[in-house]
Amino acid sequence: MKILLSAFEPFGGESVNPTQIILQELPDTLEGITLIKVNVPVEFDTCTETVMSAVRRETPDAVILLGQAGGRDAVTPERIGINLDDARMADNAGKCPKDIPIDPEGPAAYFSTLPVREIAEAIAEKGIPARISNSAGTYVCNHLMYSVLHFFAKEGREVPCGFIHVPYLSEQVKDKEGVYGMALAEMSEAVKTAVLTVAKKL
Ligand code: PCA
């Protein structure tokens, strides 16, 4: 069994993105599951193709996309990706779309095809803060979630796919008063738990 995991590069003035560090920490094989790790630029125009070319090459059994949602206080499997780009700040290529549909012909939204309830509960059972999120935002993470789900839907492929946001790492909030940070060990455990929860259902 193969599960593709994607991480984003740092953005928004941060020098790290916790998702990249999580992927570096995770083994290449987890309880017999091969983990395919993909590093994705924080760019509206290139993120989807980066993931889809890895999907075509590796034909994974499931796809788990990861991103940072600084300011959240839990690991949050996303329930829904919407057909909208509306950036508050430029992406890493300098692009700042406002009120633009991702695909004018596409449906308004896609639900995650990952078991989001089971993932959130399994992570919370380990004592790590986790809950379902009902909005992945309107920035690059939502763009990637919507676009990859759209590809699978158009191709009629039933590959479970979805997005999980993680908070800032503890190290990232040292200079941010009152902002939640999570230890790397907890985040890695959360992502491992998500992988095993998804794998159990395949
Ligand atoms: N988080 C951003 C984009 C990259 C990332 O890690 C987002 O939530 O859209």
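For the structure, see preceding data.
Residues numbered from 1 in each chain as written. Predicted model: local features only at pLDDT ≥ 70, side-chain atom pairs only at ≥ 80, totals over all residues. Heavy atoms only, no water.

Colleague: What should I look at first to understand the packing of aromatic side chains in this one?
Modeller: The description of an aromatic ring pair rests on the distance of the ring centres and on the angle between the ring planes. All chains considered together, the criterion is met by three aromatic pairs. Centre to centre, the rings of F11 and Y139 are 6.0 Å apart; their planes meet at 40°, and the pair counts as tilted. Here the residue F11 occupies a position in the loop between β1 (2-8) and α1 (18-25), and Y139 occupies one in the loop between α3 (116-125) and α4 (140-155), the gap between them amounting to 128 residues. Relative accessible area serves as the criterion here: at 13%, F11 is assigned to the buried category. (Phe/Tyr/Trp six-rings, centres within 6.5 Å; stacked < 30°, edge-to-face > 60°. Helix = DSSP H or I, 4+ residues; strand = E, 2+ residues; numbered from the N terminus. Buried < 20%, exposed > 50% of the residue type's maximum accessible area, 1.4 Å probe, protein only.)

Colleague: What's the story with the state of the cysteines in this structure? I'm lost.
Modeller: Note on terminology: disulfide describes a covalent bond linking the sulfur atoms of two cysteines. The full count for this structure, using the stated rule, is zero disulfides. The cysteine C161 is free of any disulfide, with C47 supplying the nearest cysteine sulfur at 12 Å. (Disulfide = S-S within 2.5 Å.)

Colleague: Which parts of the structure should I look at to understand α4?
Modeller: Its 16 residues give α4 an end-to-end C-alpha distance of 22 Å, which sits within 8% of 22 Å, the value for a rise of 1.5 Å per residue. Counting buried residues along α4, 12 of its 16 residues qualify, which places the element largely inside the surrounding structure. Looking only at α4, the buried set comprises V140, C141, N142, H143, L144, M145, Y146, S147, V148, L149, H150 and F152. Taken together, the buried residues of α4 touch β1, α2 (47-58), β4 (62-68), β6 (80-82), β7 (109-111) and β8 (161-166). (Expected span 1.5 Å × (residues − 1). Contact = heavy atoms within 4.5 Å.)

Colleague: Would you mind showing me how to read the pattern of salt bridges here?
Modeller: Side chains bearing opposite charge may pair, as long as their charged atoms lie close to each other. Across all of its chains, the model carries 12 salt bridges by this definition. Close ionic contact of E118 with K201 constitutes a salt bridge, the shortest N to O distance being 2.8 Å. On the criterion of sequence distance, the pair formed by E118 in helix α3 and K201 in helix α5 (residues 184-201) is long-range, its members being 83 residues apart. Overall, the relative accessible area of 33% leaves E118 in the partly exposed class. Using a relative accessible area of 55% as the deciding quantity, one classes K201 as exposed. Through salt bridges that share partners, K2, R57 and E58 make up one connected network. (Salt bridge = Lys/Arg side-chain N within 4 Å of Asp/Glu carboxyl O.)

Colleague: Please explain the nonpolar core as it appears in this structure.
Modeller: Note on soluble globular proteins: their nonpolar side chains tend to be buried together. Counting 31 residues, the largest nonpolar core has L4, F8, V51, V63, L65 and V148 as its most contacted members. Within the residue set of this core, elements represented by two or more residues are β1, β3 (33-40), α2, β4, α4 and β8. No other element matches the eight residues that α4 contributes to this core. Among residues more than four places away in sequence, those in contact with V51 are L4, S6, V40, L65, L144 and V148. (Core = buried A, V, L, I, M, F, W, Y, C linked by side-chain atoms within 4.5 Å.)

Spatial relationships are all this shows, so hold off on functional conclusions.
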